[in-house]
Amino acid sequence: MSLEAVGLTYPDGDRRLTALDAVSLEVAPGELVAVAGPSGSGKSSLLAVAATLLRPDAGRVTVAGQDTARMSARARTALRREHIGIVFQQANLLPSLTAEEQLLAVEHVRGGSVRAARARVGRLLESVSLDAAKRRRRPHQLSGGERQRVNIARALSGSPSVLLVDEPTSALDRERGEQVVELLAEVTRTHRTATVLVTHDRELLGRADRVLTMADGRLC
Ligand code: ADP
Ligand code: MG
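One structure accompanies this document, and this report is about it. Worth saying up front: this structure is predicted, and the values here are computed from it rather than measured.

## Quick look at the overall build of the chain
Here comes step 1: A tally of helices and strands in the chain yields seven helices and ten strands.
Here comes step 2: The C-alpha radius of gyration of the chain comes to 17 Å, within 12% of the 17 Å expected for a compact globule of 220 residues.
Here comes step 3: Overall size of the chain, expressed as C-alpha extent along the three principal axes, is 50 × 40 × 35 Å.
Here comes step 4: Out of the 220 residues in the chain, the part that is buried amounts to 47%.
Here comes step 5: Residue pairs in contact within the chain that sit at least 24 positions apart in sequence constitute 71% of those at least 6 positions apart.
Here comes step 6: Accessible surface, the chain: about 11,000 Å² in total, of which carbon and sulfur atoms supply 48%.
Here comes step 7: If the 31 positive side-chain charges of the chain are averaged to one point and the 26 negative ones to another, these points end up 7 Å apart.

Here it is as structure tokens:
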């Protein structure tokens, strides 16, 4: 995954607000890059552009070797489904589904046999260390850390080559937060994802292969 000289602005009254200013970033498979920076510095915008959810005003975004600039909306949606896993701040789990069912629902959308889907879901929940009893619980019966584990497992369900994670620990206490970052380091290695972890909490960055800082839309 790479961003080259990416610029992004938002409308701001009759002017435009610069959210990303010539941002370049290359992340290799199996690498965990952390991006730290204060609130409002452009971290979520960076992820939205990398996720191809927002089209930059300038620069190039390459995912899985493909230049996303000239792609149709449909092609970008397909690229996202096949290559990009996204973990947002809030786990966004469906309240009525068990942990297992959250992932099965995604597998169902992708198609294929139910039996193969169940096996894949089992392996994914195993890889985030959610035990068998907890896999049958609904979100409100899980802790915040466990919900975030399900969230991460769900993001990995299409075997994405890129994993984009936005402030995954903001709703968690210190220890749980560290466990989630530890887990992200682990899945980055085992699933060989190019992972970008965005956080305003500098103390969580010990597990990253590289730490970059965002300030006023610039990355350094
Ligand atoms: P961070 O994630 O580091 O807090 P953001 O990427 O969310 O930063 O925001 C960067 C800047 O862009 C901020 O000044 C924010 O107010 C502004 N911004 C973010 N999203 C929008 C939007 N949809 N419309 C207008 N301005 C936005
Ligand atoms: Mg943000």
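## Focus: the sheet that holds strand E2 (residues 15-26)
The pairing of strands in a sheet happens through backbone hydrogen bonds and is either parallel or antiparallel.
Here comes step 1: A sheet is described by the order of its strands in space; here four strands give the open sequence E2-E1-E4-E5, paired in antiparallel fashion. Two strands close off the open sheet at either side, each with one partner strand: E2 and strand E5 (66-67).

## Quick look at the packing of helix H3 (residues 99-110) against helix H6 (residues 144-155)
Here comes step 1: The contact between H3 and H6 brings their axes to 10 Å, and the two run at 20°. As summarised for this structure, H3 and H6 are arranged roughly parallel, according to the angle between their axes. Between H3 and H6 the crossing geometry is right-handed. Residues Ala 99, Gln 102, Leu 103 and Val 106 of H3 form the contact with H6, whose participating residues are Val 150, Ala 153 and Arg 154.
Here comes step 2: Residues belonging to the contact of H3 with H6 are distributed by class as follows: five nonpolar, one polar and one charged.

## Some remarks on the sheet that holds strand E7 (residues 162-166)
Here comes step 1: Spatially, E6-E7-E8-E3-E9-E10 is the arrangement adopted by the six strands of the open sheet, whose pairing is mixed. Edge strands, defined here as strands with exactly one partner in the open sheet, are strand E6 (84-87) and strand E10 (218-219).
Here comes step 2: Helix H2 (residues 73-83) contacts E6 and E7 of the sheet and is inclined by roughly 75° relative to E6.

## Observations concerning the layout of surface pockets
Here comes step 1: Estimates place the volume of the largest pocket at around 460 Å³.
Here comes step 2: Along the wall of the largest pocket there are 19 residues; nearest its centre are Ile 84, Ile 86, Arg 110, Arg 154 and Ala 155.
Here comes step 3: Lining the second largest pocket we find Ser 39, Gly 40, Ser 41, Gly 42, Lys 43, Ser 44, Ser 45, Gln 89, Asp 166, Glu 167, Ser 170 and His 200.
Here comes step 4: For the lining of the second largest pocket, the element with the highest residue contribution is helix H1 (residues 43-50), accounting for three residues.

Cut-offs used in this document
- Residues numbered from 1 in each chain as written.
- Chains lettered and ligands numbered in written order.
- Predicted model: local features only at pLDDT ≥ 70, side-chain atom pairs only at ≥ 80, totals over all residues.
- Heavy atoms only, no water.
- Helix = DSSP H or I, 4+ residues; strand = E, 2+ residues; numbered from the N terminus.
- Rg over C-alpha atoms; globule rule 2.2 N^0.38 Å.
- Buried < 20%, exposed > 50% of the residue type's maximum accessible area, 1.4 Å probe, protein only.
- Contact = heavy atoms within 4.5 Å.
- Areas by Shrake-Rupley, 256 points an atom, 1.4 Å probe, with all protein chains shown as cover.
- Lys, Arg positive; Asp, Glu negative; His and termini not counted.
- Charge placed at Lys NZ, Arg CZ, Asp CG, Glu CD.
- Pairing = 2+ DSSP bridges.
- Axes fitted to C-alpha atoms, helices over the stretch in contact; angles between N-to-C directions.
- Parallel < 35°, antiparallel > 145°, perpendicular 65-115°, else oblique.
- Left-handed = near helix turned anticlockwise from the far one by under 90°.
- Nonpolar A, V, L, I, M, F, W, Y, C, P; charged D, E, K, R; others polar.
- 1 Å grid on protein atoms, 1.4 Å probe; cavity = no way out; pocket = protein on both sides within 12 Å on 5 of 7 lines; lining within 4 Å.
- Points joined across faces, edges and corners; volume = space filled by probe spheres on them.

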